[in-house]
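# Overview (structure and organization)
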Amino acid sequence: MSAASQAERAVLEEEFKWLLKEEVHAVLKQLKDILKEASRRFSMPAGGLESQLKQENFILGSSTMDQVKGVLTLQGEALTQADINLKMAKSNQVMHFAFRDDKQWKMQQIQDARNHVSQALQLLNSRDESYHFKTGAEVNKLMDAVMMQLTRARNRLTTPATMTLPELASSGLMKMFTPPMPGDLMVNFYINLSKLCLTVYQLHVLQPNTTKNFKPAGSSVLHNPGSMFEINNIKFEVSHVHKVECVVPWLNDTLVFFTISLQLCQQLKDKISVFSSYWNYGPF
């Protein structure tokens, strides 16, 4: 090895040691600060009351129709009230439903996303400023674990769970309303990106003589008119679908925090790979 290449290697090794000792911890601090902000968004306290979460009201609306109107009350991960007015398609009769006072509906997507953020923070907190990273591979392993939690958190908010119509019909959500939801109506709540969505399905019973072409629908986030299903030996068809939504600003904030954090993790991994490419051996 020439003196020049030895000198170059010595410089690279010093830069790499600095990266492991200083820059890695600077990035970890940035990540912790961002994810603490994200975590705070999931549990905003009510004014002056740390123990009580802030309640927020969101007006449901659609620019294309007024069949469904309402107000949803979100408190952290719990939907504590849903006040819904539905104009029936055939009769134009307006029906009103609200959650019973003793009921609230947990938005599992929000709870899961929050849990993944907490797990990412635990991983970062396991390496405090005094910890000495010995290899690039060790840093990469930590970044991969953090990125996995952040990707899962983001996916929970961007990918609502699919459900079959019988699953929806037998969901506990149907038992939460007063007056009770009639048998020809179903509702579903879910998160899509930064939006809280409500879907209302109007159904009609298929007569026995019309069921020769009966084909049950599969699992989906949103079922279309014409979708069929069977429950308790009765066959139904979806006649009308109404979807309304409202933007939850703090959910948008958390998605931005996830994107920035994932970019920081990847940038650190890229820097390590630049050094690693200089050595074809050693656990860099």
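Reading guide: rules and limits
Residues numbered from 1 in each chain as written. Predicted model: local features only at pLDDT ≥ 70, side-chain atom pairs only at ≥ 80, totals over all residues. Heavy atoms only, no water. UniProt positions renumbered as here; feature names shortened; annotations may be inferred. Helix = DSSP H or I, 4+ residues; strand = E, 2+ residues; numbered from the N terminus. Buried < 20%, exposed > 50% of the residue type's maximum accessible area, 1.4 Å probe, protein only. Contact = heavy atoms within 4.5 Å. Pairing = 2+ DSSP bridges. Axes fitted to C-alpha atoms, helices over the stretch in contact; angles between N-to-C directions. Salt bridge = Lys/Arg side-chain N within 4 Å of Asp/Glu carboxyl O. pLDDT = per-residue confidence, 0-100. Core = buried A, V, L, I, M, F, W, Y, C linked by side-chain atoms within 4.5 Å.

Taking an unreviewed UniProt entry as the reference, the chain is identified by name as Protein rogdi homolog belonging to Anguilla anguilla. The Sequence similarities (unreviewed entry) comment attached to the chain in UniProt states, word for word, "Belongs to the rogdi family." Looking at the Subcellular location (unreviewed entry) heading of the UniProt record, one finds this comment for the chain: "Cytoplasmic vesicle, Secretory vesicle, Synaptic vesicle".

## Focus on the overall build of the chain
For the chain, the count of helices and strands is five helices and twelve strands. Counting all 284 residues of the chain, 41% fall into the buried class. Put simply, 66% of the contacts in the chain that link residues at least 6 apart link residues at least 24 apart.

## Focus: the sheet that holds strand β10 (residues 195-205)
Sheet architecture is open: four strands sit in the order β9-β10-β12-β11, paired in antiparallel fashion. The sheet terminates laterally at β9 (185-192) and β11 (228-231), the two strands that pair on one side only. Across this sheet, the average inter-strand angle for adjacent strands is 35°, counted without regard to direction. Here β9 runs beside β10; their pairing, made up of eight bridges, is antiparallel. For Asn 188, the partnering residue across the bridge sits in β10 and is Thr 199.

## Description of the pattern of salt bridges
For the structure shown, the criterion picks out 13 salt bridges. The partner of Glu 23 in a salt bridge is Lys 271, and the shortest N-O contact between them spans 2.2 Å. Of this pair, Glu 23 sits in helix α1 (residues 3-42) while Lys 271 is found in helix α5 (residues 249-276), placing the two residues 248 residues apart along the sequence. The residue Glu 230 makes a salt bridge to Lys 235 at a minimum N-O spacing of 3.7 Å. Residue classification places Glu 230 among the partly exposed positions, given a relative accessible area of 34%.

## A few points about the pairing of strand β3 (residues 55-60)
Only one face of β3 is covered, namely the one carrying Glu 56, Phe 58 and Leu 60; the face carrying Gln 55, Asn 57 and Ile 59 has none of its residues buried. Strand direction decides the pairing type here: β3 and strand β4 (residues 68-75), joined by six bridges, are antiparallel. Residue Asn 57 lies in a different strand from β4, and its bridge partner there is Thr 73.

## Observations concerning the confidence of the model for the chain
Confidence in the prediction of the chain, expressed as mean pLDDT, is 86, and 88% of residues score 70 or more. Taken element by element, the chain is modelled with least confidence in strand β1 (residues 45-46), mean pLDDT 52, and with most confidence in helix α3 (residues 136-158), mean pLDDT 95. Contacts of residues 280-284 to residues separated by more than four positions or lying in other chains number ten contacts, the stretch itself having pLDDT below 50.

## Examining the pairing of β11
Of the strand pairs in this sheet, β11 and strand β12 (residues 234-247) are connected by four bridges, and their pairing is antiparallel. By the bridge assignment for β12, Glu 230 is matched with Lys 235. In sequence, β11 turns back onto β12 through a hairpin of two residues, with Asn 232 there showing a positive phi of about 55°.

## What about the environment of Asn 92?
Here Asn 92 is to be found in the loop between β5 (78-87) and β6 (94-99). Of the residues examined, Asn 92 reaches a relative accessible area of 52% and is grouped as exposed.

## Some remarks on the nonpolar core
Phe 177, Phe 189, Leu 198 and Phe 258 are the most contacted members of the largest nonpolar core, which totals 74 residues. The leading source of residues in this core is α1, at twelve residues. Those residues in contact with Phe 177 that lie beyond four places of it in its chain are Ala 82, Ile 84, Phe 97, Ala 98, Phe 99, Arg 100, Val 187 and Phe 189.

## Concerning the side chain of Thr 254
If you trace the backbone, Thr 254 turns up in helix α5. The exposure class assigned to Thr 254 is buried, which follows from its relative accessible area of 0%. When sequence neighbours within four positions are dropped, the list of residues in contact with Thr 254 reads Ala 38, Arg 41, Phe 42 and Leu 157.

## With respect to the environment of Lys 87
Mapped onto the elements, Lys 87 comes out in strand β5. A relative accessible area of 27% means that Lys 87 is categorised as partly exposed. On a C-alpha basis, the gap between Lys 87 and Val 68 in space is 6.4 Å, while along the polypeptide they are 19 residues apart. Not counting residues up to four positions away in its chain, the partners in contact with Lys 87 are Asp 66, Gln 67, Asn 92, Gln 93, Val 94 and Gln 202.

## What to know about unusual backbone geometry
What you tend to see is this: most non-glycine residues have negative phi, and most peptide bonds are trans. Residue Pro 179 follows Thr 178 across a cis peptide bond; omega there is -10°. Structurally, Pro 179 can be placed in the loop between β8 (177-178) and β9. Although it is not a glycine, Asn 232 sits at a positive phi angle of roughly 55°. Looking at where Asn 232 falls in the secondary structure, it is placed in the loop between β11 and β12. At Asn 233, a residue that is not glycine, the phi angle is positive and equals roughly 65°. Along the chain, the position of Asn 233 falls in the loop between β11 and β12.

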